[in-house]
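Residue-level structure breakdown
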Amino acid sequence: MAPKLATLLIFLAVFYLARTTNSTTIKPSSSFIKSSCATATYPALCEKSLSPFAKTIQTSPAQLARTALAVSLKQSQTTQAYLNKLKQVKGLKPRERSAVGDCLEEVSDSLDRVSKSIKELKNCDRVKGQEFIWHMSNVQTWVSSALTDENTCMDGFGGKVMEGRVKSSVRAHITSVAHVTSNALALVNNFAQKH
């Protein structure tokens, strides 16, 4: 009876240790995302927005860059939909409606550039050397331009006359897009340097 009890206790101890070790082990993909995001402009946001895609990203710098661009694209689409709805709200002052319309135009341009960048980044998988550099340069230029568009969006809300809920709400959405786009640009640049 005692040997059976000892065997059972050893088995339970090994089982417990195995479960504890597995639950505290950091997966390589999570570690990769965390270390890659450390170089991004907004590291905590970077890690938070990309961690749900760890299984897809694994430890691939190319997939990390593609996923970061996809996150930026999704956030741009959400912001575009918000601005479209906001532009239709009754009670907006004419100057607010105009600023929202201008901002919507900038976000649409940004969305287009990020979308083109995702397609162009796929071309980088099939090429090397100067051709890789050319495609990557396109991606970097377009993402950088998208970030400029997002920042330009707030220009129409300048001055004290424009202070208020509309400006604050638009700023929150634009800041969110700009932050994930900035992170995407940093990860694209890292991928380009490592290739």
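Residues numbered from 1 in each chain as written. Predicted model: local features only at pLDDT ≥ 70, side-chain atom pairs only at ≥ 80, totals over all residues. Heavy atoms only, no water.

Within the chain one finds eight helices and zero strands. Each helix (α) and strand (β) of the chain, taken in turn from the N terminus, gives the series α-α-α-α-α-α-α-α. The 195 residues of the chain split such that 38% are buried. Contacts in the chain between residues far apart in sequence, at least 24 positions, make up 71% of those at least 6 positions apart. (Helix = DSSP H or I, 4+ residues; strand = E, 2+ residues; numbered from the N terminus. Buried < 20%, exposed > 50% of the residue type's maximum accessible area, 1.4 Å probe, protein only. Contact = heavy atoms within 4.5 Å.)

Moving on, we come to the pattern of salt bridges. For the structure on display, the rule yields two salt bridges. The partner of Asp 149 in a salt bridge is Arg 113, with the nearest N and O atoms 2.3 Å apart. Taken as a pair, Asp 149 in helix H7 (residues 129-152) and Arg 113 in helix H6 (residues 94-123) lie far apart in primary sequence, 36 residues in all. With a closest N to O distance of 2.9 Å, Glu 163 and Lys 167 form a salt bridge. Judged by its relative accessible area of 9%, Lys 167 falls in the buried class. (Salt bridge = Lys/Arg side-chain N within 4 Å of Asp/Glu carboxyl O.)

Turning our attention to the confidence of the model for the chain. Detailed reading of the predicted model is not advised wherever pLDDT is low. Of the residues in the chain, 87% have a pLDDT of 70 or more, and the chain-wide mean is 87. Averaged pLDDT values for the elements of the chain fall to 48 in helix H1 (residues 2-24) and rise to 97 in helix H3 (residues 43-50). Within the model, the stretch residues 5-9 combines pLDDT values under 50 with zero contacts to residues more than four positions away or in other chains. Note that pLDDT drops below 50 for residues 11-15; the model gives that stretch zero contacts with residues more than four away or on any other chain. (pLDDT = per-residue confidence, 0-100.)

All told, the structure shown has one aromatic pair when counted by the stated rule. Here Phe 132 and Phe 191 contribute two aromatic rings whose centre-to-centre distance is 5.8 Å and whose plane-to-plane angle is 80°, an arrangement assigned as edge-to-face. Separated by 59 residues along the polypeptide, Phe 132 in helix H7 and Phe 191 in helix H8 (residues 165-194) bring together distant segments of the chain. Since its relative accessible area comes to 4%, Phe 132 is described here as buried. When the ring centre of Trp 142 is taken as reference, the NZ or CZ atom of Lys 116 above it lies at 4.5 Å. (Phe/Tyr/Trp six-rings, centres within 6.5 Å; stacked < 30°, edge-to-face > 60°. Lys NZ or Arg CZ within 6 Å of the ring centre and 35° of its normal.)

Another aspect to go through is H3. Three or more residues of H3 are buried, namely Cys 46, Ser 49 and Leu 50. Within H3, the buried residues cover an arc of 90° as seen down the axis, which keeps them to one side. In this structure, H3 carries Ala 44 and Lys 48 as exposed residues pointing more than 90 degrees from its buried face. Elements that come into contact with the buried residues of H3 comprise helix H2 (28-37), helix H4 (54-57), helix H5 (61-88) and H8. (Arc of directions from axis to C-beta.)

With the rule as written, the count across this model stands at two disulfides. Here Cys 37 connects covalently by a disulfide to Cys 46, the sulfurs 2.1 Å from one another. Its torsion about the S-S bond being -65°, the disulfide of Cys 37 and Cys 46 is classed as left-handed. The exposure class assigned to Cys 46 is buried, which follows from its relative accessible area of 1%. (Disulfide = S-S within 2.5 Å.)

Time to look at the packing of H2 against H3. Axis angle and axis distance: for two packed helices, these are the angle between their axes and the distance between the axes, and together they describe the pair. Running from amino to carboxyl end, H2 crosses H3 at an angle of 150°, the nearest separation of the two axes being 8 Å. With respect to H3, the element H2 is oriented roughly antiparallel. Handedness of the H2/H3 crossing: right-handed. Here Ile 33, Lys 34 and Cys 37 of H2 come into contact with H3, specifically with Pro 43, Cys 46, Glu 47 and Leu 50. Within the contact of H2 with H3, the residues separate by chemical class into five nonpolar, no polar and two charged. (Axes fitted to C-alpha atoms, helices over the stretch in contact; angles between N-to-C directions. Parallel < 35°, antiparallel > 145°, perpendicular 65-115°, else oblique. Left-handed = near helix turned anticlockwise from the far one by under 90°. Nonpolar A, V, L, I, M, F, W, Y, C, P; charged D, E, K, R; others polar.)

Inside soluble globular proteins, nonpolar side chains tend to come together where they are buried. Counting 35 residues, the largest nonpolar core has Leu 50, Leu 69, Leu 121 and Met 136 as the members making the most contacts within it. Looking at this core, the elements that each hand over two or more residues are H2, H3, H4, H5, H6, H7 and H8. Among the elements that make up this core, the one with the highest residue count is H8 (eight residues). Contacts of Leu 50, omitting those with residues within four sequence positions, involve Ile 33, Cys 37, Ile 57, Leu 64, Thr 67, Ala 68, Val 71 and Leu 187. Grouped together as the second largest cluster of nonpolar side chains are 15 residues, Leu 92, Met 154, Val 170 and Ile 174 included. (Core = buried A, V, L, I, M, F, W, Y, C linked by side-chain atoms within 4.5 Å.)

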